Amino acid sequence: MTTLIKNVHVLTMDDEMKEYKKGYVLIDEENISAVGEWKEQNIQSDEVIDGSGSLLLPGFVNTHTHAGMIPFRSLGDDVPDRLRRFLFPLEAFMTKGLVKASSAYAISEMLLSGVTGFCDMYYFEDQVAEVCEEFHVRAVVGETIIDMPTCDSSDHSGGLSYCETFLPKWQGHPLITPAIAPHAPNTNTNEALEKIVEMSKKYDVPITMHVAEMDYEMKELAEKYGLTPFGYLEKLGFMEQPFIMAHCIHMSEDDIALTAKYAETAKIAHCIGANTKSAKGVAPVKAMLEAGLTVGLGTDGPSSGNTLDLFSQMKLFANFHKTYEKDRALFPAKEIVRLATRGGAETLGFHETGSIQPGKKADLIMVETESVNMFPIFDPYSALVYSANPSNVQQVWVNGRLLVENHQLVEHDLKQIRSNLYKQMDKFVAEAKKRM
Ligand SMILES: [Zn+2]
């Protein structure tokens, strides 16, 4: 099956950041087979889409989220220490069915906003992987390990034994990368962290973890080991494994220099919305990038960041980093769109995606410019960062398959996904109300 998209403004995100104002892209099965200027060439294709007035770009990549946490959205948003008052206690009421239903909802929401790939960290990740497979999205799927009993294990660090069956089961899947997701450096034992590094080597899978997010995490590790999280994780061997570090808010110049030595393996999932909503701080992304680190954007979970789309993150990224560095010209819109697409793909190891080039996998989105918020457009990147929102996403392809058409899911019914989730939420809602 081939699909020709013509008369479309193509933003390739390739090394030269090439653009074709009246361009075309040919999709052949899973792959992009041709891209260029549209000159009414004689190209045979099973399907032809006229993209007049629209922008075509690589799909957004959400580098850090918790798809199972939709039930927590808008609960106790402004409460101090929300993690220990709401999140940890209510997590006991998460079931396999609820995580599955929540993940289906979260993936629908991401697809409708142009997210074609993401990195997840939660419990029951075997079910999350099943939903990813069913929805045909690209994902790194990480089972959480934490030094306490959890909803999917009565043992402390129960995720370790879960991973022994979960990792080999999904290894080698074309769209799904199983991963190990230690919750944070200070919420795991030294022994568990050592085992995690061994397991990452044994199964050749990435690790994803919250790093330098909490001020008490910094304090605890300094008191215990005299190290920052980065120094501690380096010592344990994390930096030499494929390692997706979420947040990295409290990162000193020395930490950046240390991490930059492992730039090939250690990457950063930057979650500006969640970090600033919780008043935790602004990560030093300018310095990270200058040191040669790879950075992608992430929303964090639906409880921390509330939305799962990257339009909101791009805007917050611009606002906060320009203010933080007191430099209006810093991070032009083009660079922010690059971080949200190609930067994310590089962060998650999705090397076959991230740009529109022949031979790459077709993870693409088409954004319409007919809506009231999209006029006029002097600069397409500015329009994407500052004017657009998820409702402008018209079509979405993952690995060559059309998953969103005319703003609707092609293969799934959102109403049904939502009512299924709502049915599963009874007990959770009753427990949540007791704590409000
Ligand atoms: Zn998180």
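Residues numbered from 1 in each chain as written. Predicted model: local features only at pLDDT ≥ 70, side-chain atom pairs only at ≥ 80, totals over all residues. Heavy atoms only, no water.

### With respect to the overall build of the protein chain
- A tally of regular secondary structure across the protein chain gives 15 helices and 17 strands.
- What you see for the protein chain is a C-alpha radius of gyration of 21 Å, in line with the 22 Å of a compact globule of 436 residues.
- Dimensions of the protein chain along its principal axes, counting C-alpha atoms only, are 65 × 50 × 40 Å.
- Within the protein chain, the proportion of its 436 residues that are buried is 61%.
- A sequence separation of at least 24 residues applies to 72% of the contacts in the protein chain between residues at least 6 apart.
- Side-chain charges in the protein chain split into 41 positive and 60 negative, and the spacing between the mean points of these groups amounts to 4 Å. (Helix = DSSP H or I, 4+ residues; strand = E, 2+ residues; numbered from the N terminus. Rg over C-alpha atoms; globule rule 2.2 N^0.38 Å. Buried < 20%, exposed > 50% of the residue type's maximum accessible area, 1.4 Å probe, protein only. Contact = heavy atoms within 4.5 Å. Lys, Arg positive; Asp, Glu negative; His and termini not counted. Charge placed at Lys NZ, Arg CZ, Asp CG, Glu CD.)

### Quick notes on the coordination of the zinc ion
- At this site the zinc ion is bound by His64 (NE2), His66 (NE2), His210 (NE2) and Asp300 (OD), with donor distances of 2.1 to 2.3 Å.
- Mapped onto the sequence, the residues coordinating the zinc ion show the spacing H-x1-H-x143-H-x89-D. Residue histidine 64 is found in strand β6 (residues 60-65), and its partner histidine 210 is found in strand β10 (residues 207-211); the two are separated by 146 residues along the sequence. In terms of burial, histidine 64 and histidine 210 fall into one category: buried. (Donors = N, O, S within 2.8 Å, 3.2 Å for Na, K, Ca; no water.)

### Describing the nonpolar core
- Residues Leu111, Phe238 and Met288 are the most contacted members of the largest nonpolar core, which totals 122 residues.
- If you look at the next biggest cluster of nonpolar residues, it comprises 16 residues, including Val8, Val25, Val35 and Leu56. (Core = buried A, V, L, I, M, F, W, Y, C linked by side-chain atoms within 4.5 Å.)

### Comments concerning the domain arrangement of the protein chain
- Looking at the assigned domains, one finds that the protein chain contains domain 1 (2-58 + 358-409) and domain 2 (60-348).
- Just the C-alpha atoms count here: the centres of domain 1 and domain 2 sit 29 Å apart.
- Surface buried jointly by domain 1 and domain 2 totals about 2,500 Å² across both partners, of which 69% is contributed by carbon and sulfur atoms.
- One can count two salt bridges joining domain 1 with domain 2.
- Among the ionic pairs, aspartate 363 bridges to arginine 138, the shortest N-O distance being 2.6 Å.
- Where domain 1 touches domain 2, the interface holds six residue pairs in polar contact (both at pLDDT 80 or more).
- Looking at the side of domain 1 that touches domain 2, the elements that each hand over two or more residues are β5 (55-58), β14 (364-367), α13 (380-387), β15 (393-398), β16 (401-405) and β17 (408-409).
- With five residues, the single largest contributor to the side of domain 1 that touches domain 2 is α13.
- A per-class count over the side of domain 1 that touches domain 2 returns 19 nonpolar, five polar and five charged. (Domains from an automatic or database assignment. Buried area = accessible area lost by both parts, 1.4 Å probe. Salt bridge = Lys/Arg side-chain N within 4 Å of Asp/Glu carboxyl O. Polar contact = N/O pair within 3.5 Å; in protein donor to acceptor, adjacent residues only side chain to side chain. Nonpolar A, V, L, I, M, F, W, Y, C, P; charged D, E, K, R; others polar.)

### Digging into the side chain of histidine 9
- Residue placement: histidine 9 occurs in strand β1 (residues 2-11).
- A residue is classified by how much of its surface remains accessible, and histidine 9, at 14% relative accessible area, is buried.
- Only 2.8 Å separates the side chain of histidine 9 from the side chain of glutamate 19, close enough to count as a polar contact.
- Once residues lying within four places of it in the same chain are set aside, the contact partners of histidine 9 are Glu19, Tyr20, Lys21, Ser54, Leu55, Leu56 and Pro380.

### Quick notes on the environment of alanine 266
- Among the structural elements, alanine 266 can be located in strand β12 (residues 266-270).
- With relative accessibility at 0%, the residue alanine 266 sits in the buried group.
- A C-alpha to C-alpha distance of 8.0 Å links alanine 266 and threonine 294, two positions 28 residues apart in sequence.
- Not counting chain neighbours up to four residues away, the residues in contact with alanine 266 comprise Met239, Phe243, Met245, Thr259 and Leu293.

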